[in-house]
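For reference, the chains in residue letters:
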Amino acid sequence: GAEGRIQRHAMADEGASPAAPAADAAPPAAESAAKHTPSDFLRSVLGRPVVVKLNSGVDYRGILACLDGFMNIAMEQTEEYVNGQLKAKYGDCMIRGNNVLYISAQRR
């Protein structure tokens, strides 16, 4: 009866305790990264240099001017790269969101 419940409760505590120190020992970088959402990232790179890679493999590098919930993107000072080679330069550029594979913050 009661002894069985107490024993099961104690075993459950033993099983949970080894995991608790590991969770507390998580590096600060992992904790801060876990708090960032994709929306946070996109807000942080607005007005900054980015690389936008399309599903076709073409890269566009420029200043992220704005974007919407569909990932439609407006860029300024845009350069088009195909296979790593500069192919064209555009003043302003609009990219339809369904073509976007990823957006990456560009190193300055």
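Since the model is a prediction, treat every value here as computed from it, not as a measurement. (Residues numbered from 1 in each chain as written. Predicted model: local features only at pLDDT ≥ 70, side-chain atom pairs only at ≥ 80, totals over all residues. Heavy atoms only, no water.)

Some points on the confidence of the model for the protein chain
Then step 1. Per-residue confidence for the protein chain gives a mean pLDDT of 79, with 67% of residues at or over 70.
Then step 2. Every residue in residues 2-27 scores below 50 in pLDDT, and together they form 1 contact with partners more than four places removed in sequence or on other chains. (pLDDT = per-residue confidence, 0-100. Contact = heavy atoms within 4.5 Å.)

Here's the deal with the pattern of salt bridges
Then step 1. Applying the stated criterion across every chain, the model contains 4 salt bridges.
Then step 2. Taking the shortest distance from any N to any O, the salt bridge between Arg-43 and Asp-40 comes out at 2.9 Å. Of this pair, Arg-43 and Asp-40 both sit in helix H4 (residues 38-45), 3 residues apart, roughly one helical turn.
Then step 3. A salt bridge links Arg-61 to Asp-59, with the shortest nitrogen-to-oxygen separation between them at 3.7 Å.
Then step 4. Judged by its relative accessible area of 12%, Asp-59 falls in the buried class.
Then step 5. Salt bridges sharing partners connect three or more residues here, namely Lys-53, Asp-59 and Arg-61. (Salt bridge = Lys/Arg side-chain N within 4 Å of Asp/Glu carboxyl O. Helix = DSSP H or I, 4+ residues; strand = E, 2+ residues; numbered from the N terminus. Buried < 20%, exposed > 50% of the residue type's maximum accessible area, 1.4 Å probe, protein only.)

A word on the side chain of Glu-80
Then step 1. Considering the arrangement of structural elements, one finds Glu-80 in strand E3 (residues 73-82).
Then step 2. As a buried residue without a salt bridge, Glu-80 has its nearest oppositely charged side chain in Lys-87, at a separation of 8.6 Å.
Then step 3. Sequence-distant contacts of Glu-80, that is, excluding residues within four places in its chain, are made with Val-58, Asp-59, Tyr-60, Gln-85, Leu-86, Lys-87, Ala-88 and Tyr-90. (Lys, Arg positive; Asp, Glu negative; His and termini not counted.)

Topic: the nonpolar core
Then step 1. By size, the foremost hydrophobic cluster in this structure holds 14 residues, and its most contacted members are Val-52, Ile-73, Met-75 and Ile-95.
Then step 2. Elements represented by at least two residues in this core include exactly H4, strand E1 (49-54), strand E2 (59-67), E3, strand E4 (85-95) and strand E5 (100-105).
Then step 3. With 3 residues, the single largest contributor to this core is E1.
Then step 4. Other than its neighbours up to four places away in sequence, Ile-73 contacts Val-52, Leu-64, Cys-66, Leu-67, Cys-93, Met-94, Ile-95, Val-100 and Ile-103. (Core = buried A, V, L, I, M, F, W, Y, C linked by side-chain atoms within 4.5 Å.)

Structural notes on unusual backbone geometry
Negative phi values dominate among residues other than glycine, just as trans dominates among peptide bonds.
Then step 1. Of note in this structure, Met-71 is not a glycine but carries a positive phi near 70°.
Then step 2. Relative to the assigned elements, Met-71 resides in the loop between E2 and E3.
Then step 3. Under the relative-accessibility criterion, Met-71 is labelled partly exposed at 27%.
Then step 4. With a phi angle near 50°, Asn-83 is a residue other than glycine that sits in the positive phi range.

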